[in-house]
Amino acid sequence: MADLDPLFTAAKTAMEKAHAKYSDFPVGAAILTKDGRIFSGANIEVISFPEGWCAETTAISHFVMAGGGEITDICVIAEKKDICTPCGGCRQRLAEFAPAEAKVHLCTMEGIVQTVTMADLLPHGFESDVLAKTN
Ligand SMILES: [Zn+2]
């Protein structure tokens, strides 16, 4: 998976920038688009705990602010947990922008060790066409 090295490195580098002073559980995420762009992010916590957000959310924000694109791969890494999967909320956020076949790469500190798809992570997700059917 040599071609995914830059994505893994971006996620790991982002994790090092996490503002996780309360949980001490830094997480990094990186999104790869079909045209080769990478957007990364880390979890950012605030003293009012519910107001913090996840690494995937930071990466999605950078992706959206740069104009978006077609997501092909997502990488998530946590220093203190091998194979750290996106939380439920982030699965829904990622599914807003990533197709069901997008690959989600799960890691240890050494590299990618497991790959699943968005469909694997969020079966029967709440999809935008549901709202169209109610009108
Ligand atoms: Zn999350």
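What this report covers is the structure whose coordinates are included nearby. Within any chain, residue numbers begin from 1 and follow the written order of that chain's sequence. pLDDT decides what is reported in this predicted model: residues at 70 or higher carry local features, side-chain atom pairs at 80 or more are listed and counted, and totals for whole chains, interfaces and linings draw on all residues regardless. Working from all heavy atoms in the structure, the side-chain values ignore hydrogens and water.

Considerations on the packing of aromatic side chains
Then, in step 1: Each pair of aromatic rings taken from Phe, Tyr and Trp, with Trp reduced to its six-membered ring, is defined by centres within 6.5 Å and is described as stacked if the planes are under 30 degrees apart, edge-to-face if over 60, and tilted in the remaining cases. Within this structure, the stated rule accounts for 3 aromatic pairs.
Then, in step 2: Ring centres of Phe39 and Phe63 lie 5.8 Å apart, and the angle between their planes is 75°; this geometry places the pair in the edge-to-face category. In this pair, Phe39 is assigned in strand 2 (residues 38–42) and Phe63 in helix 2 (residues 55–65), connecting sequence segments 24 residues apart. With respect to class, Phe39 is no different from Phe63; both count as buried.
Then, in step 3: Here the aromatic rings of Phe63 and Phe97 are separated by 5.8 Å at their centres, their planes lie at 70°, and the arrangement is edge-to-face. Highlighted residues: Phe63 in helix 2 and Phe97 in helix 3 (residues 88–97), separated in sequence by 34 residues.
Then, in step 4: Buried residues are those whose accessible area, probed at 1.4 Å on protein chains only, stays under 20% of the maximum for their type, while exposed residues exceed 50% and partly exposed ones sit between those limits. Relative accessible area serves as the criterion here: at 2%, Phe63 is assigned to the buried category. A run of H or I in DSSP becomes a helix once it reaches four residues, and a run of E becomes a strand once it reaches two; helices and strands are each numbered from the N terminus.

Some points on the coordination of the zinc ion
Then, in step 1: In this description, a donor is an N, O or S atom within 2.8 Å of the metal centre, a cutoff extended to 3.2 Å for sodium, potassium and calcium. Water is not part of the atom list, which can make sites seem incomplete. Within the first shell, the zinc ion binds the protein through Cys54 (SG), Cys87 (SG) and Cys90 (SG), at distances of 2.2 to 2.3 Å.
Then, in step 2: Counting the intervening residues between successive donors of the zinc ion yields the motif C-x32-C-x2-C.
Then, in step 3: Looking at Cys90, the relative accessible area reads 0%, which means it is buried.

Structural notes on the sheet that holds strand 5 (residues 111–117)
Through backbone hydrogen bonds, the strands of a sheet pair up, either in parallel or in antiparallel fashion.
Then, in step 1: Any two strands between which DSSP finds at least two bridges are classified as paired. Spatial ordering of the open sheet is given by 2-1-3-4-5, a layout of 5 strands whose pairing is mixed. In the strand order of this sheet, the two ends are held by strand 2 and strand 5, each with one partner. Ignoring which end each strand starts from, the neighbouring axes of this sheet average 20° apart. To define axes, lines are fitted to C-alpha atoms, for helices over the stretch in contact only, and angles between the resulting N-to-C directions are given on a 0 to 180 degree scale.

Quick word on a nonpolar patch on the surface
Then, in step 1: Put simply, a patch holds well-exposed residues, over 30% relative accessible area, that have no salt bridge, with like charges counted together within 9 Å and Val, Leu, Ile, Met, Phe, Trp or Tyr side chains within 5 Å. Surface exposure here means Shrake-Rupley accessible area, sampled with a 1.4 Å probe, where a residue is shielded only by the protein chains that are shown. Salt bridges are identified by distance alone: a Lys or Arg side-chain nitrogen within 4 Å of an Asp or Glu carboxyl oxygen. A surface patch of nonpolar side chains, about 340 Å² in accessible area, is lined by Tyr22, Ile47 and Phe49.
Then, in step 2: Note on placement: Phe49 falls in the loop between strand 2 and helix 2.

Thoughts on the nonpolar core
Then, in step 1: Residues grouped as a nonpolar core are buried Ala, Val, Leu, Ile, Met, Phe, Trp, Tyr and Cys residues, joined through side-chain atoms within 4.5 Å. Counting residues in each nonpolar core, the largest one holds 21 residues, and the members touching the most others are Ile31, Ile71, Ile74, Leu94, Ala98, Val104 and Met118.
Then, in step 2: Taken together, the elements giving at least two residues each to this core come down to strand 1 (27–33), helix 2, strand 3 (71–78), strand 4 (103–108) and helix 4 (118–121).
Then, in step 3: Each residue touching Ala98, except ones within four places of it in the same chain, is listed here: Ile71, Ile74 and Met118.
Then, in step 4: One finds Leu7, Ala10, Leu32 and Ile112 within the second-largest nonpolar core, a separate group that totals 12 residues. Every residue pair with non-hydrogen atoms within 4.5 Å of one another is taken to be in contact.

Quick notes on the pattern of salt bridges
Then, in step 1: This model, assessed by the stated rule, comprises 2 salt bridges.
Then, in step 2: Across the pair Asp24 and Lys80 runs a salt bridge, and its minimum N-O distance is 2.6 Å. Of this pair, Asp24 sits in the loop between helix 1 (5–15) and strand 1 while Lys80 sits in the loop between strand 3 and helix 3, placing them 56 residues apart in sequence.
Then, in step 3: Overall, Asp24 belongs to the partly exposed group, its relative accessible area being 46%.

What about the pairing of strand 5?
Regular strands place their side chains on alternate faces of the sheet.
Then, in step 1: As paired elements, strand 4 and strand 5 share 6 bridges and run antiparallel to each other. Paired with Leu106 across the two strands is Gln114, which belongs to strand 5.
Then, in step 2: Linking strand 4 to strand 5, which pair antiparallel, is a turn of 2 residues.

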